[in-house]
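Summary of structural features
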Amino acid sequence: MSVAMRMHGLILKEIKQITRDPSAILIAFLMPVVLLIVNGFGINFDANHMRVAVVIAAPEERVRGMIQALKASPYLDPVAMADTHTAEAAVISGDVRGMLVVRDDFTERLARSGRWPAPAELAVNATDPNTARILEGYVSGALGTWLAGEAGERRLTPAGGIDLQHRYWFNPELRSADAIVPGIIAMVMTMTGTLLTALIVAREWERGTMESMLASPAGMAELTFAKLGCYFVLGMGSMAMSVLMAIGLFGLPFRGSIAALMAASALFLVFALGLGLFISTLARNQFVAAQVAFIATMLPAMMLSGMLFDIASMPRWLQIVTYAVPARYLVSILQTLFLAGDVWAVVLPNLLGLAAAATLAVGATLLVTRRRLD
Amino acid sequence: MLRRILALLAKELAGLWKDRKTRFVILIPPLVQVVLFAYAATYDVKDVALGIWNEDAGAQGAELVRRFAGSPAFQAAAAPQSPAQAATAIDAKQVAAVLHVGQNFSADVLAGRHAQVQLLIDARRSNTALMVQGYATAIVAAYAADISPNHLVPVAVLTRDWFNPNLESQWFILPGLVSVLSMMMAMLVSALSLARERELGTFEQLLVTPLRPVEILVGKALPGMIVGWIDANIVIAAALLWFRVPFLGDMALLQGMLTVYMLAGVAIGLVISSIARTQQQAMLGVFVIASPMVVLSGYAAPVENMPAIVAFIGQADPIRWMLIITRGLFLQDLPTSLVLANAWPLVVIGSVAFGVAWLAVRRAVS
């Protein structure tokens, strides 16, 4: 029997297996849809309507302008409260994120530059430090806007001063989805790619059908490539669907080229599928394979890929570890392709990283399978 | 009845423990996750690579640049000399932001005119961009205050960060991990238990034993609870002893809440288990359910930021309520009344899920 005939037979067998058992289709198409929708809408750092208690001891005309400035901020929902006790209780219970207290001598001190600065006290529930920091920024910003307006009328600010003008490149409105959805696609692809092979092949080992396949005239390499080939087509389909969802549902731009996207996805899928095969071959047990796949893929893809957390801010030893997480290369490429374009200085080195990971995963699988048969 | 349940429990635990690989995946993941999450999960930024494009020859410009380069948030990484060079450095991710000080900066400051500086920020990472902008604003504001005639600004916002004064990310992540990790393990162990019996055909054998459906359910639920409880306490121990996260609340109350919480988790696992025909389906079920549960709980990003409908659906998620309890008990000694107010949803979720699982087992019996 020629190699071509054997491959033909093997591929037919895989296609039959895929169409008969809904698991593969579910993993490749249902799981990405669910994960993209839930994560895309659920992981959102665009704070809006953060509730802030506002306690004002002496409400006067001038301070009312301050409340209006707070109300005008799209990020804040000021809630007037009668006294600091009520406000403190609300901060403790989590009903509001923080409280702004303006004492009764505030306006008086503001009016006389000899008694500047007039203090406004902001207490924040910092059990969520990231949100606390963002809230502090928005409250200062709103107060700054108010003061700038007042300054025009009453010449409040000292002469001079420095303006910091900032421009956000690639994502001018700083939409959190624009930054996070490419990362979610990388996470979804890691999971689907690895689970496709890890779970399904682990079951074949568990039931012993893998051994019977190995006893056939087909060589190990042929077997591996037939399996990888079929799941590869499924995986590319699920990648295409994810990208279309990112553009259609989450409104991301796509500024790069399809060719670069295809190259990155293909290399990444070979890695993920290879890793899944590797895990299932070692584990040969569905429970263990699923657990290892989960630890080896989803967690690093989420935590160490730069999707949620900036790699540059991690401890040095952990930064080095991230080079062993291929999702890191994919996240970098996807963020650039979606938001910036074909920046080869970013895309090429990361493609190299993906190629190395793919070679390693497939190579390791071939090695391990050979050894397990002895 | 108790003896029968204990016998089933012993059988289940032996099943989990006797396999070396299974034992490994029950104990190692918590440890790996504690390390990963605690060290990786920081939303704060430090040592951000900054390009400095200084066209100003004066002392004031040099001082501002020095303040940026000396700040722990930034690290000077490039010195572009033109818009094109600045653009290239950002495109290639060589720097995360470029500070541009124009030619007239020092002259404007000296003359008491409004001086301007620009900051170009790579917003491919929106959260980082926001932090970078915040730090830059603070540096510029501090400098502006220092050079203003009598060092005075009209209004000072005195900020106090309650419960986490240094805004430590680990204080936020680890108490959350107590809830997330134990839920995942409890769900996984209980989801696989019934499904395994079904797949291997031993479920029928179980049904012909004197065990009643309720007893089978309890015997199947306990191992998941025990595993989840152990994993939760591994994380608690790591948080307290290694990462030195403060614990201000009542530990006995937390352990009690964990028990209620584990009941809810195991019940959800059993529902998945009673629907699934094979272990594989059960595992997929857990994967598909667990990821949304973690995201909707507010573990990664605040619930308030979610669309209203998503936040509403999230109320059925036990992790959401337990997060409030664990974070509250660790950092702020949340009053018992507030703890209980967040505990009753757990009871409701657990009871409903147990009811569904019980019906499923009953149906299998008849």
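Residues numbered from 1 in each chain as written. Chains lettered and ligands numbered in written order. Predicted model: local features only at pLDDT ≥ 70, side-chain atom pairs only at ≥ 80, totals over all residues.

Here we look at the domain arrangement of chain A
Segmenting chain A into domains produces domain 1 (3-43 + 175-373) and domain 2 (50-154). Relative placement of domain 1 of chain A and domain 2 of chain A: their C-alpha centres are 48 Å apart. (Domains from an automatic or database assignment.)

Thoughts on helix α10 (residues 258-283) of chain A
Owing to its 3.6 residues per turn, the α-helix aligns residues three or four sequence positions apart on the same side. Here α10(A) is 26 residues long and its end C-alpha atoms lie 37 Å apart, about the 38 Å a rise of 1.5 Å per residue gives. Just beyond α10(A), the residue with positive phi is R284(A), at close to 55°. (Helix = DSSP H or I, 4+ residues; strand = E, 2+ residues; numbered from the N terminus. Expected span 1.5 Å × (residues − 1).)

As for the domain arrangement of chain B
Each domain of chain B was delimited in the assignment, giving domain 1 (2-41 + 168-365) and domain 2 (48-147). One C-alpha centre belongs to domain 1 of chain B, the other to domain 2 of chain B; they are set 48 Å apart.

Describing the interface of chain B and chain A
Size of an interface: often given as the accessible area lost when the parts come together. The interface of chain B with chain A comprises 92 residues on the first partner and 99 residues on the second. If you tally residues by element for the side of chain B that touches chain A, the top one is helix α6 (residues 126-147) of chain B, at 12 residues. In terms of residue class, the side of chain B that touches chain A is built from 55 nonpolar, 22 polar and 15 charged. As defined by bridge partners, strand β5 (residues 162-169) of chain A adjoins strand β4 (residues 115-122) of chain B across eight bridges and the pair is classed as parallel. Counterpart to I162(A) in the pairing with β4(B) is A115(B). (Contact = placed C-beta atoms within 7 Å. Nonpolar A, V, L, I, M, F, W, Y, C, P; charged D, E, K, R; others polar. Pairing = 2+ DSSP bridges.)

Remarks on helix α7 (residues 176-207) of chain A
Residues and elements named next belong to chain A. Helix length check: α7 (32 residues) gives 45 Å between terminal C-alpha atoms against 46 Å at 1.5 Å per residue, within 8%. Taking the largest bend as the criterion, α7 deviates by roughly 30°, centred on L195. With 28 of 32 residues buried, α7 is to be regarded as a mostly interior element. Immediately downstream of α7, the backbone of G208 shows phi near 85°, a positive value. (Bend = angle between axes of the 7 residues up to and from the residue. Buried ≥ 20, exposed ≤ 12 C-beta atoms within 10 Å, placed from the backbone.)

A short note on the packing of helix α7 (residues 169-200) of chain B against helix α11 (residues 279-296) of chain B
Residues and elements named next belong to chain B. With their axes 8 Å apart at the nearest point, α7 and α11 run at an angle of 160° to one another. Taken as axis vectors, α7 and α11 run roughly antiparallel relative to one another. Handedness of the α7/α11 crossing: right-handed. Listed contacts from α11 to V180, M184, M187, L188, A191, L192, A195, R196 and E199 of α7 are Q279, Q281, A282, M283, G285, V286, A290 and V294. (Axes fitted to C-alpha atoms, helices over the stretch in contact; angles between N-to-C directions. Parallel < 35°, antiparallel > 145°, perpendicular 65-115°, else oblique. Left-handed = near helix turned anticlockwise from the far one by under 90°.)

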